[in-house]
Amino acid sequence: MAERTCLACRKVLSKDALLRYVASPDGHLTVDYTGRLPGRGAYTCVTLDCLETALKKRAFGRALKTELQPVELAELTGQLKEALETKIASLIGMGRKSQAVVSGTNEIQGRLGSRQLPGLVIVATDLSAGLYEKIKGLAQQKEVPFYRMFSKDDLGRLLGKGLRSALAFEPGGLTDRLIAELVRYQTVSGEK
Ligand SMILES: [Zn+2]
């Protein structure tokens, strides 16, 4: 796997572990989350610190060898969050196709109390506070990764169903990939 250097901290990591940026033809710095946009690329770690440092050091223009339009950190993190949302949504869609996902708060509470623990639980951002605390508590007790993302409406749509308050994923490769992207999303959103 090819390696690249983070513009900010100079760490050398595999391309997969870094975030790629390109300059659009009119000089806008663009997050290239899929890593497939043509042209010269620049890289940073997927952390707000490295992104901000690279901006402050004006490292992007130098690395991309072009005159860039001024860009705010918030604009880049906005692009990145959007890319992550798209990626996470597509992975949830894949989980639906491979039937690696179950939904419904009762079903998920049952699974968290059983021996066949899920590998990941995602609850909707508009889940009621009571249910949120209850499911989170169960997940933490069983050390099942737990995240809050998307509205009930979005979660349902991703599964091709009506409103869904919570999803649970079977342990496996797809679930590991989802967790990795959710961790990134949390990092970029500044949540801990
Ligand atoms: Zn870095």
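Residues numbered from 1 in each chain as written. Predicted model: local features only at pLDDT ≥ 70, side-chain atom pairs only at ≥ 80, totals over all residues. Heavy atoms only, no water.

Enquirer: Explanation requested: the overall build of the protein chain in the structure shown.
Expert: Counting its regular elements, the protein chain contains seven helices and nine strands. Its C-alpha atoms give the protein chain principal-axis dimensions of about 55 × 30 × 30 Å. Of all 192 residues assigned to the protein chain, the portion counted as buried reaches 43%. In the protein chain, the share of contacts with a sequence separation of at least 24, taken over all contacts with a separation of at least 6, comes to 67%. For the protein chain, the exposed surface amounts to about 10,500 Å²; the carbon and sulfur share of it is 47%. (Helix = DSSP H or I, 4+ residues; strand = E, 2+ residues; numbered from the N terminus. Buried < 20%, exposed > 50% of the residue type's maximum accessible area, 1.4 Å probe, protein only. Contact = heavy atoms within 4.5 Å. Areas by Shrake-Rupley, 256 points an atom, 1.4 Å probe, with all protein chains shown as cover.)

Enquirer: I would appreciate a short explanation of the sheet that holds strand β6 (residues 101–103) in the present structure.
Expert: Taken in spatial order, the four strands make up an open sheet running β6-β9-β7-β8, and their pairing is mixed. Bordering the open sheet on either side are β6 and β8 (146–148), each of which pairs with just one other strand. Each strand axis lies, on average, 20 degrees off the axis of its neighbour in the sheet, ignoring direction. Bridge count for β6 against strand β9 (residues 166–169) is three bridges, and the pairing is antiparallel. Bridge pairing in β9 links Val102 to Ala168. Along the sheet, helix α7 (residues 173–189) contacts β7 (120–123), β8 and β9; its crossing angle with β7, the most-contacted strand, is approximately 50 degrees. (Pairing = 2+ DSSP bridges. Axes fitted to C-alpha atoms, helices over the stretch in contact; angles between N-to-C directions.)

Enquirer: How should I be thinking about the environment of Arg4 in this particular structure?
Expert: Secondary-structure assignment places Arg4 in strand β1 (residues 3–5). Taking the C-alpha atoms as reference, Arg4 lies 40 Å from Ser165; in sequence the two are 161 residues apart. Every residue in contact with Arg4, bar those within four places of it in the chain, is listed here: Lys11, Val12, Leu13, Lys15, Leu18 and Tyr43.

Enquirer: What is the right way to read the packing of aromatic side chains from this model?
Expert: Think of a pair of aromatic rings as described by two things: how far the centres are apart, and how the planes are tilted against each other in angle. Per the stated rule, a full pass over the model turns up two aromatic pairs. With centroids separated by 4.7 Å and ring planes inclined at 65 degrees, the aromatic side chains of Tyr21 and Phe60 adopt a geometry described as edge-to-face. With Tyr21 in strand β3 (residues 18–23) and Phe60 in helix α2 (residues 59–64), this pair connects stretches of sequence that are 39 residues apart. The exposure classification of Tyr21 matches that of Phe60, with both residues buried. When the ring of Tyr132 is compared with that of Phe146, the centres are 5.7 Å apart and the planes differ by 55 degrees; the resulting orientation is tilted. In this pair, Tyr132 is assigned in helix α5 (residues 129–141) and Phe146 in strand β8, connecting sequence segments 14 residues apart. Sitting above the plane of the Tyr132 ring, Arg148 keeps its charged end 3.9 Å from the centroid. (Phe/Tyr/Trp six-rings, centres within 6.5 Å; stacked < 30°, edge-to-face > 60°. Lys NZ or Arg CZ within 6 Å of the ring centre and 35° of its normal.)

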